[in-house]
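This is what each chain is made of:
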Amino acid sequence: MRHNKLLLEKIQESLASVLPITAIVLVISLTIAPLTPGTMVLFLFGAILLVFGMGLFSLGVDMSMIPMGDGIGVQISKTRRVLTPLLICFVLGVVVTIAEPDLQVLAEQLPSVENMTLILAVAVGVGFFLVAAQVRMLLNIPLSYALLFFYILVFALSYFAPDTFVPAAFDSGGVTTGPITVPFIMALGIGLAARRSDKNSSSDSFGLIALCSIGPILAVMVLGLALPGVDAAYTPVVVPEVASTQQAAALFLEELPAYTAEVAVALLPILAIFALFQLAFRRFQRHQLGRILVGLVYTYLGLVLFLVGVNVGFLPAGATIGAGIASGGTEWMLVPIGALVGYFIVRAEPAVRVLARQVEEISNGSITQKSINHALSIGIALSVGLAMLRILTGLSILWFLIPGYAVALALTFFVPQMFTGVAFDSGGVASGPMTTTFLLPLAMGACEAVGGNVLTDAFGIVALVAMTPLCTIQALGLYGKLRARRAAKALRQALRDELAGLEAGIVYWEV
């Protein structure tokens, strides 16, 4: 009964998240970029699956992924040997990344590189940087120093990497931190920092995703350098022809087994690691294990419904709308419409809600879910607008990424460390399956319509989506810091004035 009530609440939250982007697409399809009836039916069916999928997934994550990650993190932090927790972190990073469904999307977008080669390279990159994040916490190195060092390395390597690999490399940093990776790694970070009692323990709960997002960028660039003569390629979006609602339903049912198997393959390695962990440490009691297993079932069903909905329903709609806006002399509308879509679409990312909720809990309410969502929406609106501007102008993505990351890294030295960790974590969280299956096809459709180079102009939208929240959330932190400083100054002045008044009164009575 309690699960049913919680599930209903989660579905209502999902409906509130999906409804705005659904309304925007309907308005666009009725005005600027008409959709065929079949594509519209697919989109609406997909939206329904999104609502129920997000609801099940959110409840499942709360019941399973977060307790699992937190428990493993706490247990690792108790280990006295230094190398053992580092080795466990590396294995977890590799396994969880291989399990990430969004990584399969990335592999399909680079058919010139063998899928397993790309997946293993990216997974090793994430594993290595999860170890680097653990070392940073052990040595108490400020997150801003670590980010500055590694991003200097990233941009230095981008100078030597093939031009067609650079946008895909930056995209991979956001894509691989998706709905499976984010809840688990965030909970792992909270568990690792839980046993510490110093002033930075809460701040160090965040930042793992920030560093793990760098690993895939470096991995794809290194692949570009290691495979001379191999040029990146992309898989065009195919819009299916659907003549009736029955055919639309049949298309969803046709794709369902593939995503059912894909998500099972994604979750089984995590379940196997958890089983080994439980056998070794006996951390969870029987009733807790039952709750975790039920949560895994919810997570599994929710992620299957979500991925089927976005891939079958939203992907063709995104490509069609992008091509429609860019045709017929209305290409200038790409920038404002892209910004509007970006503002609302981030609310439908399942991992964003996990991040916002955990940030509010760890910060004891000082950073609210509402403020995080608002800052993220502004950031994604800006990033999608810039991505559409890039499609129209053909400007290199580095003209946007270098200044953007320079501002973001500069802000790390002026805002509280917790905001830095939250901001850089949110960059990876915001660029999830909704971005790869709606915004990327939107950009590809628009780019093909204006005659641009899809590899250099359309790819990179995920990278921009991962970049702008770094600035907007840190700006939120800087605003809060300045406001607190002004409030403290006003309080001190009021106390001085009151003290001066008391002294004057004392002098008066003495006279």
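Along every chain, residues carry numbers that run from 1 in the direction the sequence is written. Local features are withheld for residues below a pLDDT of 70 in this predicted model, meaning they are given only at 70 or higher, and side-chain atom pairs are given and counted only at 80 or more; totals for whole chains, interfaces and linings count all residues. Processing note: side-chain calculations cover all non-hydrogen atoms of the structure and skip hydrogens and water entirely.

(A) The overall build of the protein chain, seen in detail. The helix and strand tally for the protein chain stands at 20 helices and zero strands. Only protein chains enter the accessibility calculation, which uses a 1.4 Å probe; a residue is then buried when its area is under 20% of its type maximum, exposed when over 50%, and partly exposed in between. Looking at the protein chain as a whole, 55% of its 511 residues are labelled buried. Excluding contacts between residues fewer than 6 apart, the proportion of contacts in the protein chain whose partners are at least 24 apart in sequence is 86%. Working definition of accessibility: Shrake-Rupley area with a 1.4 Å probe, residue cover restricted to the visible protein chains. For the protein chain, the exposed area adds up to about 21,300 Å²; of that, 68% sits on carbon and sulfur atoms. For the purposes of this entry, the term helix denotes a DSSP run of H or I that reaches at least four residues, the term strand denotes a run of E that reaches at least two, and both are numbered from the N terminus. Whether two residues are in contact is decided by their heavy atoms: any pair within 4.5 Å suffices.

(B) Looking closely at helix H10 (residues 214–226). In this analysis, the expected span of each helix is defined as 1.5 Å times one less than the number of residues it contains. Its 13 residues give H10 an end-to-end C-alpha distance of 18 Å, which sits within 8% of 18 Å, the value for a rise of 1.5 Å per residue. Most of H10 is tucked away: ten of the 13 residues are buried. Taken as a whole, H10 has its buried residues at Ile-214, Gly-215, Pro-216, Ile-217, Leu-218, Ala-219, Val-220, Met-221, Leu-223 and Gly-224.

(C) The arrangement of the side chain of Thr-299 in detail. Considering the arrangement of structural elements, one finds Thr-299 in helix H12 (residues 286–326). The class of Thr-299 is buried, set by a relative accessible area of 1%. Non-local contacts of Thr-299, meaning those with residues more than four positions away in its chain, are made with Leu-56, Phe-57, Gly-60, Val-61, Ser-64 and Met-65.

(D) Inspection of the packing of aromatic side chains at higher detail. Side-chain rings of Phe, Tyr and Trp (the six-membered ring for Trp) are treated as a pair once their centres are within 6.5 Å; stacked means planes under 30 degrees apart, edge-to-face means over 60, and tilted covers the remaining angles. Enumeration over the complete set of coordinates arrives at 14 aromatic pairs. Between Phe-129 and Phe-150 the ring centres are 4.8 Å apart and the planes differ by 65°, which places this aromatic pair in the edge-to-face class. With Phe-129 in helix H5 (residues 115–139) and Phe-150 in helix H6 (residues 143–160), the pair connects residues that are 21 residues apart, well separated along the chain. Taken as a pair, Phe-129 and Phe-150 share a single burial class, namely buried. The interplanar angle of 35° and the centroid separation of 5.9 Å between the aromatic rings of Tyr-145 and Phe-413 together place this pair among those described as tilted. One end of the pair, Tyr-145, is in helix H6; the other, Phe-413, is in the loop between helix H16 (398–411) and helix H17 (417–430), and 268 residues separate them in sequence. By relative accessible area, Phe-413 is classed as partly exposed at 43%.

(E) Summary view of the pattern of salt bridges. A pairing counts as a salt bridge when a side-chain nitrogen of Lys or Arg comes within 4 Å of a carboxyl oxygen of Asp or Glu. By the definition in use, this model includes one salt bridge. Residue Asp-62 is joined to Lys-10 by a salt bridge in which the shortest nitrogen-to-oxygen separation is 2.9 Å. A residue pair is termed long-range when its members are at least 10 positions apart, and Asp-62 in helix H2 (residues 37–78) and Lys-10 in helix H1 (residues 2–30) qualify at 52 residues.

(F) Structural detail: unusual backbone geometry. Of note in this structure, Asn-140 is not a glycine but carries a positive phi near 60°. Relative accessible area serves as the criterion here: at 40%, Asn-140 is assigned to the partly exposed category.

(G) View of H2. Between its first and last C-alpha, H2 extends 58 Å over 42 residues, near the 62 Å set by a 1.5 Å rise per residue. Here the bend at a residue is taken as the angle between two axes, fitted respectively to the seven residues that end there and the seven that start there. Maximum bend of H2: about 45°, positioned at Val-61. Buried residues dominate H2, accounting for 30 of its 42 residues.

(H) Quick peek at the environment of Gln-278. The residue Gln-278 is located in helix H11 (residues 245–281) in this model. A sequence separation of eleven residues divides Gln-278 from Leu-289, and the C-alpha atoms of the two residues are 9.3 Å apart. The term polar contact refers here to a pair of N or O atoms within 3.5 Å; inside protein, the definition further demands a hydrogen-donor-capable atom paired with an acceptor-capable atom, and it admits residues adjacent in sequence only when both atoms are side-chain atoms. Of note is the side chain of Gln-278, whose polar atom sits 3.5 Å from the backbone nitrogen of Arg-283. In terms of polar contacts, Gln-278 uses its side chain to reach the backbone carbonyl oxygen of Phe-284, at 2.8 Å.

(I) Geometry of the packing of helix H3 (residues 83–98) against H11. Viewed as axis vectors pointing N to C, H3 and H11 meet at an angle of 150°, and their least axial separation amounts to 8 Å. In terms of orientation, H3 lies roughly antiparallel with respect to H11. The chirality of how H3 crosses H11 is left-handed. Of H11, the residues touching H3 (which contributes Leu-92, Val-95 and Val-96) are Pro-269, Ile-270 and Ile-273. Polar here means any residue outside two lists: the nonpolar Ala, Val, Leu, Ile, Met, Phe, Trp, Tyr, Cys and Pro, and the charged Asp, Glu, Lys and Arg; Gly therefore counts as polar. Its residues placed into classes, the contact of H3 with H11 shows six nonpolar, no polar and no charged. Between N-to-C directions, angles cover 0 to 180 degrees, with each direction set by a line fitted to C-alpha atoms, over the stretch in contact for helices. Every angle not falling under 35 degrees, over 145, or within 65 to 115 is termed oblique; those three ranges are roughly parallel, roughly antiparallel and roughly perpendicular. We call a crossing left-handed when the near helix sits turned anticlockwise from the far one by less than a right angle, and right-handed when that turn is clockwise.

(J) Geometry of the state of the cysteines. We call a pair of cysteine sulfur atoms a disulfide when they lie within 2.5 Å. A full pass over the atoms with the stated rule returns zero disulfides. With no disulfide of its own, Cys-212 has Cys-89 as its nearest cysteine by sulfur position, at a separation of 8.9 Å.

(K) View of the packing of H6 against H10. H10 packs onto H6 with a crossing angle of 25° between their chain directions and a minimal axis gap of 10 Å. Accordingly, the angle class assigned to the pair H6 and H10 is roughly parallel. Our pair here, H6 against H10, has a crossing hand that is left-handed. Of the residues in H10, those touching H6 at Leu-147, Phe-150, Tyr-151, Leu-153, Val-154, Leu-157, Ser-158 and Phe-160 are Ile-214, Ile-217, Leu-218, Met-221, Val-222 and Leu-225. In the contact of H6 with H10, the residues fall into 13 nonpolar, one polar and no charged.

(L) Local environment of the side chain of Thr-39. For Thr-39, the position within the fold is in helix H2. With a relative accessible area of 2%, Thr-39 lands in the buried category. Non-local contacts of Thr-39, meaning those with residues more than four positions away in its chain, are made with Val-239, Pro-316, Ala-317 and Thr-320.

(M) The arrangement of a nonpolar patch on the surface in detail. Within this analysis, patches are made of residues with over 30% relative accessible area and no salt bridge. Like charges are joined at 9 Å or less; nonpolar side chains (Val, Leu, Ile, Met, Phe, Trp, Tyr) at 5 Å or less. Side chains of Leu-138, Leu-139, Ile-141, Tyr-145, Leu-148, Ile-152, Phe-413 and Phe-414 sit close together on the surface and give an oily, nonpolar patch of about 810 Å² of accessible area. Put simply, the parts of the chain that give the nonpolar patch at least two residues each are H5 and H6. Residue position: Ile-141 is located in the loop between H5 and H6. For Ile-141, a relative accessible area of 33% translates into the label partly exposed.

(N) Examining the environment of Val-346 more closely. In this structure, Val-346 sits in the loop between helix H13 (334–345) and helix H14 (350–362). In sequence terms Val-346 and Ala-430 are 84 residues apart; their C-alpha atoms lie 6.2 Å from each other. Ignoring anything within four residues of it in the chain, the contact list for Val-346 reads Val-352, Leu-376, Ser-377, Ile-380 and Ala-430.

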